[in-house]
Amino acid sequence: MTTTTPVGSNATNDASTDGDTTNTAANTAGMPSPTEHQLTERQLQAIEDEIKSTQPLTSVRLPIDALVQQYRSSGSDTTASDADDNDNIRGCNDDNQNGFLQSAKFLAGKYTHLRRVRGDGNCYYRAFLYALSERMLRRLAWLRSSSSDHDDSQRDVPKKEEKEFSRLKNKVLNSMEWICRNGYEAMTIDMFHEELVDLFDFIDALANEINSNKSDQDLNGNYDQVNVDDDNINDFNQKNHKNPLEESLAKLHERLNEENSTSDYCTWFLRVLTASQLKSNPDRYLPFLLADSSDSASSSSAACLGYDGMVDLSAFCAREVEPMGKECGMVQVAALAECLGVRVVIEYVDGRVSSGGVVTNYVFGEMEEEGQGRGGGGDGGGGGISISLLYRPGHYDILYNIND
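Residues numbered from 1 in each chain as written. Predicted model: local features only at pLDDT ≥ 70, side-chain atom pairs only at ≥ 80, totals over all residues. Heavy atoms only, no water.

Novice: So what exactly am I meant to see when it comes to the packing of aromatic side chains here?
Specialist: In this description, an aromatic ring pair is defined by two values, namely the gap between the centres and the angle between the planes. For the structure shown, the criterion picks out 10 aromatic pairs. Where Tyr71 meets Phe100, the ring centres are 5.2 Å apart and the plane angle is 10°; that geometry is what we call stacked. Residue Tyr71 is found in helix H4 (residues 65-72), and its partner Phe100 is found in helix H6 (residues 94-108); the two are separated by 29 residues along the sequence. The exposure classification of Tyr71 matches that of Phe100, with both residues buried. Relative to Trp268, the ring of Phe192 lies with its centre 4.7 Å away and its plane at 55°, an arrangement referred to as tilted. Within this pair, whereas Phe192 is found in helix H10 (residues 186-213), its partner Trp268 is found in helix H12 (residues 262-280), the two being separated by 76 residues in sequence. Assigned by exposure class, Phe192 and Trp268 land together as buried. In this arrangement the basic side chain of Lys171 is found over the ring face of Trp178, its NZ or CZ atom lying 5.1 Å from the centre. Here the guanidinium or amino end of Arg255 rests over the ring plane of Phe202, the centre of that ring lying 4.8 Å away. (Phe/Tyr/Trp six-rings, centres within 6.5 Å; stacked < 30°, edge-to-face > 60°. Helix = DSSP H or I, 4+ residues; strand = E, 2+ residues; numbered from the N terminus. Buried < 20%, exposed > 50% of the residue type's maximum accessible area, 1.4 Å probe, protein only. Lys NZ or Arg CZ within 6 Å of the ring centre and 35° of its normal.)

Novice: Would you mind showing me how to read the sheet that holds strand E2 (residues 113-115) here?
Specialist: Note: strands within a sheet are paired through backbone hydrogen bonds, in either parallel or antiparallel orientation. As summarised here, the arrangement of the 6 strands in space is E1-E2-E6-E5-E3-E4, forming an open sheet in which the pairing is mixed. Since the sheet does not close on itself, it has two edges, and those belong to strand E1 (62-63) and strand E4 (361-364), each with one partner. Across 4 bridges, strand E3 (residues 343-348) lies against E4 in antiparallel orientation. Looking at the pairing, Glu347 lines up with Asn361 of E4. The strands touched by helix H7 (residues 123-143) are E2, E3, strand E5 (386-392) and strand E6 (395-400); relative to E6, the strand with the most contacts, the crossing angle is about 20°. (Pairing = 2+ DSSP bridges. Contact = heavy atoms within 4.5 Å. Axes fitted to C-alpha atoms, helices over the stretch in contact; angles between N-to-C directions.)

Novice: Is there a simple way to explain the pattern of salt bridges in this structure?
Specialist: Pairing between side chains of opposite charge can happen when the charged atoms of each approach one another. What the rule picks out here adds up to 18 salt bridges. Its salt-bridge partner being Arg126, residue Asp264 comes within 3.0 Å of it at the nearest N-O pair. Of the two residues, Asp264 sits in helix H12 while Arg126 sits in helix H7, which places them 138 residues apart along the sequence. Across the pair, exposure class does not vary: Asp264 and Arg126 are buried alike. The partner of Arg392 in a salt bridge is Asp397, with the nearest N and O atoms 2.6 Å apart. Residue Arg392 shares its accessibility class with Asp397, and that shared class is buried. (Salt bridge = Lys/Arg side-chain N within 4 Å of Asp/Glu carboxyl O.)

Novice: How should the nonpolar core be read in this particular structure?
Specialist: Generally speaking, soluble globular proteins have nonpolar side chains that are buried together. Of all hydrophobic cores here, the largest spans 73 residues; its most connected members are Tyr124, Phe128, Leu340 and Val344. When residues of this core are assigned to their parent elements, the largest contribution, 15 residues, is made by H7. When near neighbours in sequence (up to four residues on either side) are disregarded, Phe128 contacts Leu270, Leu336, Ala337, Leu340, Val342, Val344 and Ile387. Ranked by size, the runner-up nonpolar core spans 15 residues in total, among them Ile64, Tyr111, Leu114 and Leu390. (Core = buried A, V, L, I, M, F, W, Y, C linked by side-chain atoms within 4.5 Å.)

Novice: Teacher, can you tell me more about unusual backbone geometry here?
Specialist: A negative phi angle characterises most non-glycine residues, just as the trans form characterises most peptide bonds. In this structure, Asn260 is a non-glycine residue whose phi angle is positive, near 55°. If you trace the backbone, Asn260 turns up in the loop between helix H11 (244-255) and H12. Judged by relative accessible area, which is 52%, Asn260 ranks as exposed.

Novice: What is the right way to read empty space enclosed by the protein from this model?
Specialist: Remark: the empty space left among the atoms is shown by a probe the size of a water molecule rolled over them. This structure, assessed with the given rule, holds 4 cavities of 30 Å³ or more. The space that makes up the largest cavity amounts to roughly 90 Å³. What lines the largest cavity is simply Ala131, Glu134, Arg135, Arg138, Ser386, Ile387, Ser388, Ile398, Leu399, Tyr400 and Asp404. Elements with a contribution of two residues or more to the lining of the largest cavity: H7, E5 and E6. Residue classes in the lining of the largest cavity are distributed as 5 nonpolar, 2 polar and 4 charged. The calculated volume of the second largest cavity comes to roughly 70 Å³. Looking at the second largest cavity, the residues that line it are Leu129, Leu132, Ser133, Met136, Val172, Leu196, Leu199, Phe200, Ile203, Leu270 and Leu340. Residue assignment for the lining of the second largest cavity shows that the elements contributing at least two residues are H7 and H10. (1 Å grid on protein atoms, 1.4 Å probe; cavity = no way out; pocket = protein on both sides within 12 Å on 5 of 7 lines; lining within 4 Å. Points joined across faces, edges and corners; volume = space filled by probe spheres on them. Nonpolar A, V, L, I, M, F, W, Y, C, P; charged D, E, K, R; others polar.)

Novice: Help me out: how do you make sense of the environment of Asp120 in this one?
Specialist: Along the chain, Asp120 falls in the loop between E2 and H7. Each C-alpha atom of the pair Asp120 and Lys326 lies 8.5 Å from the other, and the pair is 206 residues apart in sequence. Aside from chain neighbours lying at most four places away, what touches Asp120 is Arg126 and Gly325. Among the polar contacts listed, one links the side chain of Asp120 to the side chain of Arg126, at a separation of 2.9 Å. (Polar contact = N/O pair within 3.5 Å; in protein donor to acceptor, adjacent residues only side chain to side chain.)

Novice: Explain helix H15 (residues 330-340) to me, please; I cannot follow it from the model alone.
Specialist: The α-helix winds at 3.6 residues per turn, so residues separated by three or four positions along the chain end up facing the same way. A large share of H15 lies buried, amounting to 10 of its 11 residues. Along H15, the residues that are buried comprise Val331, Gln332, Val333, Ala334, Ala335, Leu336, Ala337, Glu338, Cys339 and Leu340. One or two steps after H15, the chain reaches Gly341, where phi turns positive at roughly 70°.

Novice: Where do I start with the confidence of the model for the chain in this structure?
Specialist: One rule of thumb: low pLDDT means the predicted coordinates there are not for detailed reading. Here the chain averages 76 in pLDDT, while 63% of its residues score no lower than 70. This stretch, residues 293-298, has a pLDDT under 50; its non-local contacts, to residues over four places away or in other chains, come to 7 contacts. (pLDDT = per-residue confidence, 0-100.)

Structure follows, in structure tokens:
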């Protein structure tokens with residue numbers, strides 16, 4: 001951003017030296033000063049720079065107890081990386097703080113780990129991308145392990161897992177024509193499309209590498225038992241207990257944490273897929289947007305109402321879906337999950353808990369009929385891959401259960 005810096009001058013003029021009684025204000029009259037918009041831009045840039053300096057795009061896997069400890073301390077004793085999470089509880093009354101803590105304890109009994117995602121407005125799409133990529137790599141690593149690792153009850157599983165990976169990859173690979181039919185130009189999105197396709201190829205290659213390098217004691221036919229919990233994932237190559245899966249997961253983590261690279265490119269393409277899903281299925285999503293606009297005149301969908309009182313989907317997508325940094329509503333969550341046929345479980349934590357202490361969750365991407373997807377392009381969703389995310393006001397992180 002280029003701004004014009006006002007030229008400074010002395011506060012007073014020494015009239016005795018040259019008899020010049022010209023006022024300093026007169027000398028600087030007409031010099032541009034920062035506008036309110038420029039000052040706002042500077043503030044936003046400062047916030048963005050601070051976020052980048054304190055939060056990785058995605059953290060290492062953390063024990064779920066880290067969530068409990070965060071709320072037990074009520075945000076008063078946490079690190080800078082927890083800044084966004086602390087905002088969720090600062091200013092809450094004691095009942096809400098206690099609700100967050102109860103929710104964290106409930107989740108600690110259901111999940112084993114979490115992974116924090118940068119709070120930059122792209123957290124849902126970035127969490128979806130990382131969780132899906134990691135999940136696919138773990139599943140491919142398992143199914144491509146030697147056939148002797150699979151007992152009789154698992155003989156058909158590798159075929160189904162490989163088919164699911166191929167379905168998702170082909171879905172993305174063949175999505176360009178469908179996207180262009182929904183108002184996008186190929187030349188403007190081609191680079192982002194290629195980056196996501198290349199990520200699938202990268203995952204495929206890593207899985208093959210694992211299979212070629214694994215020893216008899218690696219994987220043991222069960223990828224679920226191999227966790228990546230090191231404090232510093234870059235130290236993997238220095239560990240005596242490293243195995244091929246850990247090394248491949250570290251490579252994936254490194255790629256998805258490069259600034260202004262794969263994660264951002266693929267995140268934006270997921271936004272395009274989401275927008276295309278919304279535009280191509282108006283009867284499916286418009287009722288939810290209309291309900292949102294009627295509930296609040298200040299809602300995002302209310303700002304996109306046309307003269308006929310209907311939500312303009314193209315305007316909504318241009319305003320709320322396509323721009324990087326725009327937070328994701330539940331309609332977008334549903335659209336992306338249904339577009340790719342991925343089951344997304346959202347654990348919804350807002351400080352309120354039921355009488356039994358149970359955290360409410362919402363499930364998206366489940367097909368109305370098994371094998372029938374709503375995704376654009378008409379291919380069957382099939383299900384198969386499920387990811388779990390933690391939602392707290394305005395933010396998403398990744399959750400892992402015992403089978404992840």
